[in-house]
Amino acid sequence: MKHLNYIAVGCSLLLSFPVSGQEVLTLEKSRALAVENNKQMGVAGMVQEQSGYELKSYKAKFLPHFSATGTYLFSNSEMKRTVGDIYLPTFVPDPATGGLVPNVMTQVNGNTLFNQYAYIPGFSFDLKTNGSYVGGIQVEQPLYTSGKIRTAYRMARVGQEMAGINRTLTHTEVIRQTDEAYWTAVQVRELLTVAEKYKEVVTELMRNVENAFRAGMVSRNDVLKVQVKLNEAELQILRAKNGIRLADMNLCHRLGLPLDSSLNLQDSSGSMYLPVRPASDITARPEYLLMEKQVQLSGEQVKLVQSDYLPQVWVMANYGYTKALKLNDSPLFDSASFNAVVSVSIPLFQWGEGRNKIRAAKTEKKIRELQLEDNLEKMELQLMQAMQQYEESLLEVQLTTSSLAQAEENMHVSGSYYGSGLEILADYLEAQTVWQKAWVDQVQARTKLRLSETNYLIAAGRIFE
């Protein structure tokens with residue numbers, strides 16, 4: 001359901017961008033837009049669709065297959081023969097034995113003459129093959145395949161499930177990349193704010209130092225010191241602006257928007273942070289589910305190999321019409337016929353081929369099982385690392401926030417002391433630099449926290465909660 005919400009939000013955002021380049025872009029909208037426009041997501045979706053078609057094709061193997069056949073022969077070859085008159089001897093019954101004996105009349109010059117002859121007049125025949133044709137309808141149905149078709153169907157179903165899990169895995173990676181691009185774009189905007197605020201502070205100090213220099217209260221060296229800091233502030237602003245352009249282009253690339261699109265990001269980094277659950281179930285991660293399906297698929301592969309060396313029974317029926325071979329312009333075959341065939345195949349001996357193939361398939365299954373166990377331990381370690389990194393980032397945000405408050409207070413105190421002549425300019429400039437660095441550290445810590453939050457959710461299998 002959340003995927004559908006992403007898509008709906010993404011479609012509305014696509015329609016709004018050409019009208020207004022300042023549409024507020026939240027993290028959720030960014031994720032939805034990235035999922036909608038990501039090419040890898042499109043490929044994963046098409047792979048899932050393809051696996052659905054393959055599953056239907058394997059399901060069709062349970063049903064009878066019908067086919068129509070037809071053959072026509074065009075040939076100018078023919079066979080002509082002429083047979084002369086034929087005289088055949090006759091036989092009469094033998095009263096003693098009841099059998100037939102030659103009806104011999106006498107022997108003349110060693111030749112046997114018969115009392116009677118059967119006369120067959122000569123004839124001619126013309127055999128032609130031209131115009132012969134055969135047509136019919138054939139149906140074929142497997143009766144027993146030792147589980148081959150059923151196993152292939154189950155493998156196709158597992159393949160479809162793997163395609164769906166792979167799409168979820170791709171979705172997870174798109175979210176990770178989008179979050180990284182989004183928070184980087186937010187960070188560089190905050191760094192620009194820091195640089196501008198720092199420039200305001202240094203500019204104000206520059207005015208005061210220049211006034212004091214004109215009044216002869218400070219040396220030119222103090223003016224130059226402040227000028228160096230002001231130049232550094234200008235450089236930081238330029239770098240921040242360049243960083244914003246590059247970060248926005250990278251984010252637009254992730255979202256499928258034109259690279260020169262104007263973005264208005266909503267910084268939600270101040271929202272509530274989710275609690276860490278040490279007992280997170282990593283078996284919900286798509287990586288684990290994908291490897292689990294690979295083990296299941298290798299188990300089905302063992303059954304498929306076994307079925308190749310077990311009996312197979314098929315039945316085939318054909319109803320057709322044959323008209324062929326003309327003898328003296330009259331067809332010898334001119335009728336319809338029905339045929340049924342039962343085919344039984346029983347493998348007997350293959351010199352160990354089947355046994356070794358089955359062993360190889362079983363070994364492959366054991367390999368997949370060992371890989372699953374190994375990767376399960378790695379994912380548990382990855383979850384622990386992500387959890388610790390998240391907790392460290394959370395503490396880092398708290399510490400940098402406190403440090404920023406202290407650095408700001410220190411800068412105000414140092415400014416008061418400098419204005420009262422109780423502190424030199426170098427100390428005040430150092431306090432401003434410390435304040436700026438504390439602010440930068442706090443911005444980077446909040447960005448790091450958001451990214452570590454995403455990594456933790458992915459490692460814990462909770463990214464879609």
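Above this text is the structure in question.
A brief look at the structure comes next. Computed from a predicted structure; not experimentally measured.

## Here's the deal with a positive patch on the surface
Inference 1: A grouping of Arg355, Arg359, Lys362 and Lys366 is seen on the molecular surface, where their side chains present a positively charged patch.
Inference 2: By secondary structure assignment, the location of Lys362 is in helix H7 (residues 353-419).

## Some remarks on a nonpolar patch on the surface
Inference 1: On the surface, a cluster of nonpolar side chains totalling about 810 Å² of accessible area is made up of Val342, Val344, Ile346, Leu348, Phe349 and Trp351.
Inference 2: Positionally, Leu348 belongs in the loop between strand E14 (330-345) and H7.
Inference 3: Relative accessible area serves as the criterion here: at 77%, Leu348 is assigned to the exposed category.

## Describing the packing of helix H4 (residues 148-214) against helix H8 (residues 425-459)
Inference 1: With their axes 10 Å apart at the nearest point, H4 and H8 run at an angle of 170° to one another. The angle between H4 and H8 falls in the class roughly antiparallel.
Inference 2: Of the residues assigned to the contact of H4 with H8, the class counts are 17 nonpolar, 10 polar and 7 charged.

## Focus on the environment of Ser67
Inference 1: Mapping Ser67 onto the fold places it in strand E2 (residues 65-73).
Inference 2: Overall, the relative accessible area of 33% leaves Ser67 in the partly exposed class.
Inference 3: With 38 residues separating them in the primary sequence, Ser67 and Met105 have C-alpha atoms 65 Å apart.
Inference 4: Look past the residues within four positions of Ser67 in its chain and what remains in contact with it is Gly136, Ile137 and Gln138.

## Comments concerning the packing of aromatic side chains
Inference 1: According to the stated counting rule, one finds 7 aromatic pairs in the structure shown.
Inference 2: Measuring from centroid to centroid gives 5.2 Å for Tyr182 and Trp183, while their planes differ by 90°, and the two rings are edge-to-face.
Inference 3: Ring plane angle 25° and centroid distance 6.0 Å describe the contact between Tyr390 and Tyr456, whose orientation is recorded as stacked. Of this pair, Tyr390 sits in helix H7 while Tyr456 is found in helix H8, placing the two residues 66 residues apart along the sequence. Note on accessibility: Tyr390 and Tyr456 belong to one class, buried.

Each value, and the rule that gives it
Residues numbered from 1 in each chain as written. Predicted model: local features only at pLDDT ≥ 70, side-chain atom pairs only at ≥ 80, totals over all residues. Heavy atoms only, no water. Patch = residues over 30% accessible without salt bridge, like charges linked within 9 Å, V, L, I, M, F, W, Y side chains within 5 Å. Areas by Shrake-Rupley, 256 points an atom, 1.4 Å probe, with all protein chains shown as cover. Salt bridge = Lys/Arg side-chain N within 4 Å of Asp/Glu carboxyl O. Lys, Arg positive; Asp, Glu negative; His and termini not counted. Charge placed at Lys NZ, Arg CZ, Asp CG, Glu CD. Helix = DSSP H or I, 4+ residues; strand = E, 2+ residues; numbered from the N terminus. Buried < 20%, exposed > 50% of the residue type's maximum accessible area, 1.4 Å probe, protein only. Axes fitted to C-alpha atoms, helices over the stretch in contact; angles between N-to-C directions. Parallel < 35°, antiparallel > 145°, perpendicular 65-115°, else oblique. Nonpolar A, V, L, I, M, F, W, Y, C, P; charged D, E, K, R; others polar. Contact = heavy atoms within 4.5 Å. Phe/Tyr/Trp six-rings, centres within 6.5 Å; stacked < 30°, edge-to-face > 60°.

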